[in-house]
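# Structure at a glance
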Amino acid sequence: TFSCSTWMLRGSHGAVLSHSFYLPGLAPVSFCEPGKDEQVPDCRSEIELFVNRLDSVESVLPYEYTAFDFCSAPSEKRPSENLGQVLFGERIEPSPYKFKFRVNEECSHVCTKNYNTEKQEEKIKLDFLKKGMLLNYQHHWIVDNMPVTWCYEVEASQKFCNPGFPIGCYVTEASQPKDACVVNTDFNARDTFYLFNHVDITIFYHVVENEAAGARLVTAKMQPRSFKHTNSDHPDCTGEPMGINNKFTGELKVAYTYSVKFVEDKNIRWASRWDYILESMPHTNIQWFSIMNSLVIVLFLSGMVAMIMLRTLHKDIARYNQMDSVEDAQEEFGWKLVHGDVFRPPRKGMLLSVFLGSGTQIFIMTFVTLFFACLGFLSPANRGALMTCAVVLWVLLGTPAGYVAARFYKSFGGEKWKTNVLLTAFLCPGVVFADFFLMNLILWGEGSSAAMPFGTLVAILALWFCISVPLTFIGAYFGFKRSAIEHPVRTNQIPRQIPEQSFYTRPLPGIIMGGILPFGCIFIQLFFILNSIWSHQMYYMFGFLFLVFIILVITCSEATILLCYFHLCAEDYHWQWRSFLTSGFTAIYFLVYAIHYFYSKLQISGMASTILYFGYTMIMALIFFLFTGTIGFFACFWFVTKIYSVVKVD
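All of these numbers come straight from a predicted model, not from anything done at the bench.

Looking now at the state of the cysteines. Enumeration according to the criterion identifies five disulfides in this entry. A disulfide bridge connects Cys32 with Cys43, and the sulfur atoms are separated by 1.8 Å. As the torsion about the S-S bond is roughly 95°, the Cys32-Cys43 disulfide counts as right-handed. Residue Cys32 is found in the loop between strand S1 (30–31) and strand S2 (43–44), and its partner Cys43 is found in strand S2; the two are separated by 11 residues along the sequence. In this structure Cys32 comes out as buried when scored by relative accessible area, which is 6%. For Cys43, a relative accessible area of 8% translates into the label buried. The thiol sulfur of Cys521 is not disulfide-bonded, and the nearest other cysteine sulfur, from Cys556, lies at 8.2 Å.

Turning to the sheet that holds strand S6 (residues 93–100), a few remarks are in order. Ordered in space as S6-S3-S9-S10, the four strands form an open sheet in which the pairing is antiparallel. Here the strands that pair on one side only, and so sit at the sheet edges, are S6 and strand S10 (146–147). Examined bridge by bridge, strand S3 (residues 46–51) and strand S9 (residues 141–143) share three bridges and lie antiparallel to one another. Paired with Phe50 across the two strands is Ile142, which belongs to S9.

Let us now look at unusual backbone geometry. In the Ramachandran plot, Asn136 falls in the positive-phi region, its phi being about 60° despite a non-glycine side chain. Along the polypeptide, Asn136 turns up in the loop between helix H4 (120–134) and strand S8 (138–139). Note on Asn136: relative accessible area 11%, which makes it buried. Backbone geometry at Asp144 places phi at a positive 50°, although glycine is not the residue there. Inspection of the secondary structure assignment puts Asp144 in the loop between S9 and S10. A relative accessible area of 16% means that Asp144 is categorised as buried.

With that out of the way, let us pick up the pattern of salt bridges. Under the counting rule described, the total for this entry stands at 12 salt bridges. Here Arg53 ties to Asp55 by a salt bridge, and the two come within 3.2 Å at their closest N and O atoms. The pair Arg53 / Asp55 is uniform in exposure class, with both members buried. Between Lys123 and Asp127 there is a salt bridge, with the nearest N and O atoms lying 3.1 Å from each other. Separated by four residues within a single helix, Lys123 and Asp127 lie in helix H4, roughly one turn from each other.

What follows is about a nonpolar patch on the surface. Taken together, Phe367, Phe371, Phe372, Phe377, Ile550 and Ile554 make up a surface patch of nonpolar side chains, about 460 Å² in accessible area. Elements with a minimum of two residues in the nonpolar patch: helix H8 (349–374) and helix H15 (542–569). With three residues, H8 is the single largest residue contributor to the nonpolar patch. Structurally, the position occupied by Phe367 is in helix H8. Of the residues examined, Phe367 reaches a relative accessible area of 34% and is grouped as partly exposed.

What counts and how
Residues numbered from 1 in each chain as written. Predicted model: local features only at pLDDT ≥ 70, side-chain atom pairs only at ≥ 80, totals over all residues. Heavy atoms only, no water. Disulfide = S-S within 2.5 Å. Helix = DSSP H or I, 4+ residues; strand = E, 2+ residues; numbered from the N terminus. Buried < 20%, exposed > 50% of the residue type's maximum accessible area, 1.4 Å probe, protein only. Pairing = 2+ DSSP bridges. Salt bridge = Lys/Arg side-chain N within 4 Å of Asp/Glu carboxyl O. Patch = residues over 30% accessible without salt bridge, like charges linked within 9 Å, V, L, I, M, F, W, Y side chains within 5 Å. Areas by Shrake-Rupley, 256 points an atom, 1.4 Å probe, with all protein chains shown as cover.

In structure tokens:
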């Protein structure tokens, strides 16, 4: 089983990892030549190629393989998808591409598609294919649960292996080749689409010694090609590329073909077969720079907090505890003076307690999910596992949400416990579900594969209403049953007047400043996460992410404690909402960064895609707001309880 650091350092140290087992829960499959598979148990000769949904960096809408007019397999049973795959729009289907182990094939004919632009149905299919090429939609093929990759050279002789390859490409009216058209000088006719109707597949295998009979597949690579076959029924894979003029009318025949060859590779082990994809993503150095940058911020904040706790507070407490007379106390100023008001219930205590309950649920869910991801259980090979794990954990963590919300609502002096429980169970999840449902309606309207089937939608509602809600009620029952949280000092009957505040101790400037440092710790990691979601790049650096998660928790806590201390010294005792919003404001910076990312990094076009991007971003921002806000509140609550518990109060 992988440790946190091992999974984190895959890619740059593949050779070191070749002796470790690849992933818990995934067993290797052995392959034999035809004829030998009957003699050797658990050994297959037929290799199946599966196709996944097609996606594009220029559109948020993924489409099923069958939405385009490609060669399709006769009705075979589709592999079952887990909840995470369905939520991410993955639709894995069998394909007509079938190979026999170690049987090389040259220019094998798969099928021929005919188009007549005078027939409306066929014209629509051809136009949709052109749209796919124009928006650079990418195929995603799978062999033995690993992606079939297209490897090509980028700048400085760096090789990049893409786990997808384009349908085709387009040369503009100004003879400007777009996307994959730059790879071939033959793609030069203006206002023409070039369809990749042939693939050269190379499958690398490793013969297993001393373990079991047969071989294991370690790499599957391909090169997309375009051929205008002279005889579409008996293609020879030679000649000029398959160009389709944008203004083409008449009849068109497109023959789809493939070649496959098998190559033995003694250097790559099954355990490290994903490494070549991960190595082609030069992220590791940037990640370490990000971690070092974050650690400097943490050390700076830790130094500030330590100085306050050890020097200033220690002196203050010693001085306050040595006072003998009321006159001495009246001459004093600072945080000691508000001891009779510091635990006064906040305004809108109901809403704050509900946010704290939901935030606790999200915090535990994130921690456990990242922990499992670190152990390798939720790697890219285990498709959809990350999202499935997060959703299931969220459903099961209704009890801590109900308990925390009820406990704090009771300590705020609240009595409407039924309203509190219902809001905890339905407010935040309801907002997320409403947003998600609206996005799903748009996806349904566009015919996208990311549109969740009605049955899955009902299943998610059942998980929420039948498991999460009852667990929230159970948690709330135990929270209300316990006695209210005992505060170290008594609250005065009459609220103390808060003096005139200077600019930097006013609520808004403090809240805005408080979110800057936590965001500074995560924004580089955020770039890679957004890339994996919107640019369809593989995310595998969970070790780094877990480290950044810990740094974020520490930074949110320390920044909130610092600002909380300054406000208490300014005799402003309204710390509850302020501590939540100070940390929670990191989500506003996240939102601003997501808008910047949309306009500077993405080439997304179309109203539907834009609405979907910002709709899903709002869900992420809300979850992040509750998560960071809860961290800030608990840190400040601990700090305030700690400092007032050691002060002698008459």
